[in-house]
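Fold and contact review
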Amino acid sequence: EKVEITKEQRALIKAILDAYNRHQIPQDVTKKLLQEQYSAEENFLLLTEVATSQVQVLVEFTKNIPGFLSLDREDQIALLKGSAVEAMFLRSAQVLSKKMPSGYTEVLEERIRKSGMSEEFMTPMFNFYKSIGELHMTQDEQALLTTITILTPDRPYVKSHEAVERLQETMLDVLRKLCVLQHPQEPQYFARLLGRLTELRTLHHYHVEMLTSWKTNDHKFTPLLCEIWDVQ
Ligand SMILES: CC(C)c1onc(-c2c(Cl)cccc2Cl)c1COc1ccc(-c2ccc3[nH]c(C(=O)O)cc3c2)cc1
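None of these values were measured; they are calculated from a predicted model. (Residues numbered from 1 in each chain as written. Predicted model: local features only at pLDDT ≥ 70, side-chain atom pairs only at ≥ 80, totals over all residues. Heavy atoms only, no water.)

1. Description of the environment of Leu90
- By secondary structure assignment, the location of Leu90 is in helix α4 (residues 73-97).
- Among the residues examined, Leu90 registers a relative accessible area of 0% and is labelled buried.
- Apart from the residues within four sequence positions on either side, Leu90 is in contact with Phe128, Ile132, Leu145, Thr146, Thr149 and Leu200. (Helix = DSSP H or I, 4+ residues; strand = E, 2+ residues; numbered from the N terminus. Buried < 20%, exposed > 50% of the residue type's maximum accessible area, 1.4 Å probe, protein only. Contact = heavy atoms within 4.5 Å.)

2. Section: the site of the ligand
- Around the ligand there are 24 residues in total, and Gln24, Arg91, Tyr104, His207 and Trp214 lie nearest to it.
- Residue Arg91 places a side-chain N or O atom 2.9 Å away from an oxygen atom belonging to the ligand.
- Relative to its free-state accessible area of 730 Å², the ligand is covered by the protein chains to the extent of 97%.
- Breaking the shell around the ligand down by element, the ones donating at least two residues are α3 (40-63), α4, α5 (104-113) and α9 (189-216).
- Broken down by element, the shell around the ligand gets its largest block of residues, six residues, from α3.
- By residue class, the composition of the shell around the ligand is 17 nonpolar, six polar and one charged. (Near = heavy atom within 4 Å. Polar contact = N/O pair within 3.5 Å; in protein donor to acceptor, adjacent residues only side chain to side chain. Areas by Shrake-Rupley, 256 points an atom, 1.4 Å probe, with all protein chains shown as cover. Nonpolar A, V, L, I, M, F, W, Y, C, P; charged D, E, K, R; others polar.)

3. Focus on the pattern of salt bridges
- In total, this model carries 15 salt bridges according to the counting rule given.
- In this structure, the salt-bridge partner of Lys159 is Asp72, at a minimum N-O distance of 3.2 Å. In this pair, Lys159 is assigned in the loop between α7 (139-150) and α8 (161-182) and Asp72 in the loop between α3 and α4, connecting sequence segments 87 residues apart.
- On the basis of relative accessible area, Asp72 is assigned to the partly exposed category, the value being 31%.
- Across the salt bridge formed by Glu199 and Arg196, the nearest N and O atoms sit 2.8 Å from each other. A residue pair is termed a helical-turn pair when its members lie 3 or 4 positions apart in one helix, as Glu199 and Arg196 do in helix α9 at three residues.
- Three or more residues joined by partner-sharing salt bridges are found here, namely Asp72, Glu74 and Lys159. (Salt bridge = Lys/Arg side-chain N within 4 Å of Asp/Glu carboxyl O.)

4. Quick word on the side chain of His23
- Mapped onto the secondary structure, His23 falls in the loop between α1 (7-22) and α2 (27-35).
- Judged by relative accessible area, which is 18%, His23 ranks as buried.
- A polar contact of 3.1 Å, which involves the side chain of His23, links it to the side chain of Asn64.
- With near-sequence residues (within four places) excluded, His23 lies in contact with Val57, Glu60, Phe61 and Asn64.

Below, the structure written as structure tokens:
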């Protein structure tokens, strides 16, 4: 049947894309990834700084998702805590799949590989990065997929499950239409995007163990990361 994006849905896409593009990590933070010297310690510190900055950017982006601020205040916190890791996997995946001229993606990949995390997480993590790269998502698809990840109703401690589900369904409907219109040759494209969300859940579980292994090797996180990831 003829797929049509309504005026309201077009406004929603614009609001989310503007917020997504407006909130970026400051250049001086991402530039450090290119400058500082290499060592497992230095790489971990840099990634911690970038992740902390990314969380701040994520909070600002989330506040601009239409409808988010009208959710219960405690649910807003529960959604942010529950989705931060997945949103950052998506964001770093989108950055790594852009072949930047400055060799930036190679440097970032190298620092992640050499940040003291155990080998067992490398394979699933870099498989995910590869699978995101192969999708060649447009900016609005990336922004909507991140929004859908944030608005996942079954995160721990979410009370008004239905309110979050209604919001997420609104975004899923828009993304489904976008996929049909922007990838007409790939009828399964929308399903492939949703498949990435499942892969994100698995990476989220791996990440909890990554944090534990870093903690045991006495790695320090920032107060913001400790708060959002419940690390003592
Ligand atoms: C605390 C640190 C060590 C950490 O723990 N887990 C992860 C961790 C790891 Cl490795 C992998 C995946 C997820 C996490 Cl959450 C991390 C590092 O997390 C990030 C790594 C890179 C980026 C990143 C890098 C470059 C960027 N450029 C831009 C831009 O807008 O230009 C955004 C951006 C974000 C964000 C989070």
